[in-house]
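Architecture and fold: a report
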Amino acid sequence: MSRSKEAPDDRSTTGSCTTGSATAPCTATGSSTTGSSTTGSSTTGSSATGSDFLQLDIGRAPEGGRTEWLAGRLRAAIADGTLPVGSRLPATRVLAAELNVSRGLVTEAYQRLAETGQVAGRGRGGTVVVAAPPPPPPAGAARPAASRGGPVDALRAVPCRIDLSPGVPDLTAFPRTAWLQAERRVLAGLTAADFGYGDPQGAPALREAVAGWLARNRGIRADPGEVVVVAGVAQALGLLAAVLRGAGVQRVAVEDPGSLGARQQLEHGGLETVGVPVDGAGLDVAALRASGAGAVLLTPAHQFPTGVVLDGERRRRLLAWAAAGGLVLEDDYDAEHRYDRAPVPALRALAPESVCYAGSVSKLLAPALRLGWLLVPPRMRDEVVDAKRYADLGNPVLAQLVLARLMDSGELERHLRFVRRRHRRRRDAMLAAVARHLPGARVHGAAAGLHLMVTFDGAAFPDTALATAALALGVKAHPLSWHRLRPGPPGLVLGYAAGAAAEIEEGVALLGRALRTCTRGRMR
């Protein structure tokens, strides 16, 4: 293991420690000479063995295990919040002097934290905490929600410097002024009775506005009475799972690859899911027929994560399958975001008797609003409304009325045009960054949406290892294998909407560094 040389003078300096290809922080601040010069209040030749920092007492460390003891104390302080993200660690020279140990021991402890992605060097800013995994729950305590929700929720809970996770729009673009103005106007017109319990199916004003929005933007002709207001597509899938299970449906087909989160919603609702392959033309309808599933969940306008569009021939075959008794669950999660292709009509517009259609404003405004809509065939409407009633008595009415006003006034269309231009620029920035920093990567689904899928065809490393290496460098990304049921080439699903172009460039450059680490690791 090579180490950087000590700084020759008494100025605060920051070096690096190198192990193979990984570079870890190694800081040095202040002057120190053995037995004479002081660093803070401690001298190198002193008999002091403790530090005010974390009340560290090297005398408590086991013989032969001082480095791991120090690294363990630092990890524990990061995990329990004593050292939150952004905290600066003491310079290695300073801490070594206070503990009366060699600087190399402290450097090695910092190196171990750097290798797990918890700290990083910041030049003259020293060594900084950059990631703090949630602490383990106490014995006997219920698991936290992130743990119960699987890897996506667990990753969401981990702090990082650059988040390239898919599925998040540009939250800085949320139209705060327009929302506040609409809310004031709505409040000014409400009566006292309007603050009582609302209709579980949704506020009539929003159902009417949604019907108009879908007619203008998705080619769907729907009566407001057909619209059920829900807390996002996730709740729509939960309600459908309950209704389908009550009707005797046990198995639902899902796209493979396809959204892990959507699959989890159906499985949590008690349904078995079976994967159906997706290729360049979309869902393989012949495989769907062979699966024996009574319903299928798919994203036909912009398949997640591949980005392909269900082509005309597959659409005809799918609707023929539905006409013979199957049920289509259409997740129209980000169809508004398109850049280089014409709009794709919704399946619901072609076969309202066979298609349950779900959409939301999570990718257009913000997922925190928890506002979406669900259209179902007439034979299912009463059961879906009952399921919604017993789930939560309906969405909060005020937010529904504000959204209705934004839709009716044209403000939501103006916002869509604005974020489309911004998202296109960020898409272009990610495409350029991938070309520069991820040699050999193949890009999929760039014509629309808020994410790219990249694959490394022929690569031998697991994509989970690549995502882990990226997280250690402070970058979040989804390994493609999270969204697969069958094996396939390694890849990543990268969101570009939420970050500025410079952040995207830096994040993809760090992914390139992680890729080189994985590639070299497989060659050894």
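Residues numbered from 1 in each chain as written. Predicted model: local features only at pLDDT ≥ 70, side-chain atom pairs only at ≥ 80, totals over all residues. Heavy atoms only, no water.

Right, let's get into the overall build of the protein chain. The secondary structure content of the protein chain amounts to 16 helices and 23 strands. Expressed as a percentage of the 524 residues in the protein chain, the buried residues total 51%. Surface exposure of the protein chain reaches about 22,900 Å², of which carbon and sulfur atoms provide 53%. (Helix = DSSP H or I, 4+ residues; strand = E, 2+ residues; numbered from the N terminus. Buried < 20%, exposed > 50% of the residue type's maximum accessible area, 1.4 Å probe, protein only. Areas by Shrake-Rupley, 256 points an atom, 1.4 Å probe, with all protein chains shown as cover.)

Glancing now at the pairing of strand β20 (residues 451-455). In terms of burial, β20 is a largely internal element, five of the five residues being buried. Burial along β20 is two-sided: H451, M453 and T455 and L452 and V454, pointing in opposite directions, are all buried. Here three bridges tie strand β19 (residues 442-444) to β20, and the two strands are oriented antiparallel to one another. Bridge pairing in β20 links H444 to M453. Count of turn residues in the β19/β20 antiparallel hairpin: six residues, of which G445 carries a positive phi of about 75 degrees. Where β20 meets strand β23 (residues 491-495), five bridges bridge the pair, whose relative direction is antiparallel. In the sheet register, V454 faces β23, and the bridge partner there is L492. (Pairing = 2+ DSSP bridges.)

Before going further, it helps to spend a moment on the pattern of salt bridges. Counted by the stated rule, this structure contains 25 salt bridges. Here E272 makes a salt bridge to R251, at a shortest N to O gap of 3.1 Å. In this pair, E272 is assigned in strand β13 (residues 272-279) and R251 in strand β12 (residues 251-256), connecting sequence segments 21 residues apart. Between K388 and D392 there is a salt bridge, and its shortest N-O distance comes to 2.9 Å. With K388 and D392 both in helix α12 (residues 378-392) and four residues apart, the pair spans about one turn of that helix. The exposure class assigned to K388 is buried, which follows from its relative accessible area of 0%. A residue is classified by how much of its surface remains accessible, and D392, at 33% relative accessible area, is partly exposed. Through salt bridges with shared partners, a single ionic network connects E68, R75, E108 and R112. (Salt bridge = Lys/Arg side-chain N within 4 Å of Asp/Glu carboxyl O.)

What follows deals with α12. The end-to-end C-alpha distance of α12 is 22 Å, a good match for the 21 Å that 15 residues give at a rise of 1.5 Å each. Among the residues of α12, those classed as buried are M380, V384, V385, A387 and K388. Buried residues along α12 cover an arc of 160 degrees about the axis, so they all sit on one side. Exposed side of α12, more than 90 degrees from the buried face: D382 and Y390 are the residues found there. Packing partners of the buried residues in α12 comprise β11 (227-230), α8 (232-246), β16 (327-331), β17 (355-360) and β18 (372-375). Once α12 ends, the next one or two residues include L393, with phi positive near 65 degrees. (Expected span 1.5 Å × (residues − 1). Arc of directions from axis to C-beta. Contact = heavy atoms within 4.5 Å.)

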